[in-house]
Amino acid sequence: MSNDANVTAAALRDAAVIADEMTNMGVTVLGSYSNGRRIVLVVDTPPVFVRGVMRRSSPNGVGTDRVMAAPYKGAQLEWIERDGPSELQLAEVAHG
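Residues numbered from 1 in each chain as written. Predicted model: local features only at pLDDT ≥ 70, side-chain atom pairs only at ≥ 80, totals over all residues. Heavy atoms only, no water.

Participant: Quick question: what am I supposed to make of the overall build of the protein here?
Facilitator: The helix and strand tally for the protein stands at 2 helices and 5 strands. Looking at the 96 residues of the protein, the share that counts as buried comes to 23%. Counted over contacts in the protein with a minimum sequence separation of 6, partners at least 24 positions apart contribute 31%. Counting only carbon and sulfur atoms, one obtains 55% of the accessible surface of the protein, whose full area is about 6,600 Å². (Helix = DSSP H or I, 4+ residues; strand = E, 2+ residues; numbered from the N terminus. Buried < 20%, exposed > 50% of the residue type's maximum accessible area, 1.4 Å probe, protein only. Contact = heavy atoms within 4.5 Å. Areas by Shrake-Rupley, 256 points an atom, 1.4 Å probe, with all protein chains shown as cover.)

Below, the structure is given as structure tokens:
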């Protein structure tokens, strides 16, 4: 097996361990991918002790979606933070 395959296999094992840790913390892992340097785990919300930085932002029609990222045990966690009116506020406006 080549060194690249060993690194990939090790990264996938690490990602599986991190995904299990996230699940045990009550964090849902929505997906994963490789960004060419490390494994990225997309989560619904970060663990309370993780602080991220904004990778990019885009308007969502009623506010802004910000993709946040933070390193975690050799991998990267990503999640979306949204600002703007909540769904409850939007429903109240829609129904008068």
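Participant: Whenever I open this one, the sheet that holds strand β2 (residues 39-43) confuses me. Can you help?
Facilitator: Strand pairing in a sheet relies on backbone hydrogen bonds, with the paired strands running either antiparallel or parallel. Pairing is mixed across the open sheet formed by 5 strands, whose spatial order is β1-β2-β5-β4-β3. Across the chains shown, the open sheet's two edge strands, defined by having one partner strand only, are β1 (29-34) and β3 (53-59). The average undirected angle you get between the axes of adjacent strands in this sheet is 25°. As paired strands, β2 and strand β5 (residues 75-83) are joined by 3 bridges and run parallel to one another. Directly across from V42, in β5, lies its bridge partner E78. (Pairing = 2+ DSSP bridges. Axes fitted to C-alpha atoms, helices over the stretch in contact; angles between N-to-C directions.)

Participant: How should the packing of aromatic side chains be read in this particular structure?
Facilitator: Each aromatic ring pair is summarised here by two numbers: the centre-to-centre distance and the angle between the ring planes. Following the criterion strictly, the structure yields 1 aromatic pair and no others. Relative to Y72, the ring of F49 lies with its centre 6.2 Å away and its plane at 35°, an arrangement referred to as tilted. With a gap of 23 residues between them, F49 in the loop between β2 and β3 and Y72 in strand β4 (residues 64-72) connect regions that are remote in the sequence. Residue F49 is classed as exposed on the basis of its relative accessible area of 52%. Residue Y72 is classed as buried on the basis of its relative accessible area of 9%. (Phe/Tyr/Trp six-rings, centres within 6.5 Å; stacked < 30°, edge-to-face > 60°.)

Participant: Would you take a moment to explain the pattern of salt bridges for this structure?
Facilitator: Where side chains of opposite charge bring their charged atoms close, a pairing between them can arise. Counted under the stated rule, the structure contains 5 salt bridges. Linking D65 and R82 is a salt bridge whose minimum nitrogen-to-oxygen distance equals 3.1 Å. One end of the pair, D65, is in strand β4; the other, R82, is in strand β5, with 17 residues separating them in the sequence. In this structure D65 comes out as buried when scored by relative accessible area, which is 15%. In this structure R82 comes out as exposed when scored by relative accessible area, which is 59%. Between R66 and E81 there is a salt bridge; the shortest N-O distance is 3.5 Å. (Salt bridge = Lys/Arg side-chain N within 4 Å of Asp/Glu carboxyl O.)

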